[in-house]
Amino acid sequence: SHVTLARPEGVLIPDFLLTDVELQRAAVLELKLPAPSLVRRQKNRDRFATAVMEARAQLLRYRDWFRDAHNRRLLKRVVGMEIYEPTLIAVVGRSSEFRDGIDRQQLRADVKDIEVVTYDDILTYAKRRRLIIEG
């Protein structure tokens, strides 16, 4: 957690950098609060609200950092793998903001460069994993 991504304009510090060296996969995960509104609903157009778009802007700066070969080589010394294009994940808000699965998919279709995960999603996933483990 809190790996430092140095750059001339100042350091970037994502909340988590998740890596799997064997699969050569990585993700940058940014935690935001569960309380902010996820969706802005207006007549004839719904979109992700400011909290999601702020997280997206932050994650895109991290993505840009990884596109520089020099940066990747420096970080490889720390994490043991060179990361080019990590998955970008924002954990924010509550699932109850989505009207249904289609509503969620439509909103996600407009913001394809990041994955939006809610705190409820994490809880649901943990409960499922627990059931699997307990048999």
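The structure displayed is predicted, hence computed values, not measured ones.

Cut-offs and rules
Residues numbered from 1 in each chain as written. Predicted model: local features only at pLDDT ≥ 70, side-chain atom pairs only at ≥ 80, totals over all residues. Heavy atoms only, no water. Salt bridge = Lys/Arg side-chain N within 4 Å of Asp/Glu carboxyl O. Helix = DSSP H or I, 4+ residues; strand = E, 2+ residues; numbered from the N terminus. Buried < 20%, exposed > 50% of the residue type's maximum accessible area, 1.4 Å probe, protein only. pLDDT = per-residue confidence, 0-100. 1 Å grid on protein atoms, 1.4 Å probe; cavity = no way out; pocket = protein on both sides within 12 Å on 5 of 7 lines; lining within 4 Å. Points joined across faces, edges and corners; volume = space filled by probe spheres on them. Nonpolar A, V, L, I, M, F, W, Y, C, P; charged D, E, K, R; others polar. Patch = residues over 30% accessible without salt bridge, like charges linked within 9 Å, V, L, I, M, F, W, Y side chains within 5 Å. Areas by Shrake-Rupley, 256 points an atom, 1.4 Å probe, with all protein chains shown as cover. Expected span 1.5 Å × (residues − 1). Pairing = 2+ DSSP bridges.

Visitor: Tell me about the pattern of salt bridges, and please be specific about residues and values.
Guide: Taken as a whole, this structure holds 13 salt bridges when the rule is applied. Arg-41 is the salt-bridge partner of Asp-103, the closest N and O atoms lying 2.6 Å from each other. Taken together, the positions of Asp-103 in helix H3 (residues 101-109) and Arg-41 in strand E3 (residues 39-42) put the pair 62 residues apart, joining distant regions of the chain. Residue classification places Arg-41 among the partly exposed positions, given a relative accessible area of 29%. Across the salt bridge formed by Asp-113 and Arg-56, the nearest N and O atoms sit 2.7 Å from each other. Taken together, the residues span a long stretch of sequence, with Asp-113 in the loop between H3 and strand E6 (115-117) and Arg-56 in helix H1 (residues 50-66) at a distance of 57 residues. Residue class for Arg-56 comes out partly exposed when judged on its relative accessible area of 24%. Because the salt bridges share partners, they merge into one network encompassing Arg-41, Asp-46, Arg-99 and Asp-103.

Visitor: Give a detailed account of the confidence of the model for the chain, specifying residues and quantitative values.
Guide: Summarising the model, the chain shows a mean pLDDT of 95, and 100% of its residues fall at 70 or more. No element of the chain has a lower mean pLDDT than helix H4 (residues 119-134), at 93, and none a higher one than strand E5 (residues 87-91), at 98.

Visitor: Please provide a residue-by-residue account of empty space enclosed by the protein, values included.
Guide: For the coordinates displayed, the defined rule picks out one cavity of 30 Å³ or more. Here the largest cavity is characterised by a volume of approximately 50 Å³. In this structure, the largest cavity is lined by Phe-48, Phe-98, Arg-104, Arg-108 and Val-116. Broken down by class, the residue content of the lining of the largest cavity amounts to three nonpolar, no polar and two charged.

Visitor: So what about a nonpolar patch on the surface? Which residues, and what values?
Guide: On the surface, Phe-16, Leu-18 and Leu-31 cluster together into a nonpolar patch covering about 230 Å² of accessible area. Within the fold, Leu-31 resides in strand E2 (residues 25-31). The exposure class assigned to Leu-31 is partly exposed, which follows from its relative accessible area of 36%.

Visitor: Residues and numbers for H4, please.
Guide: The terminal C-alpha atoms of H4, which comprises 16 residues, lie 23 Å apart, in line with the 22 Å expected from a rise of 1.5 Å per residue. Across the 16 residues that make up H4, only a small minority, one, are buried. Just beyond H4, the residue with positive phi is Gly-135, at close to 80 degrees.

Visitor: Tell me what's going on with the pairing of strand E1 (residues 16-20), and back it up with residues and numbers.
Guide: As paired elements, E1 and E2 share five bridges and run antiparallel to each other. The residue of E2 that forms the bridge with Thr-19 is Ala-26. Linkage of E1 to E2, two consecutive antiparallel strands, is achieved through a turn of four residues, within which Gln-24 is found at a positive phi near 55 degrees.

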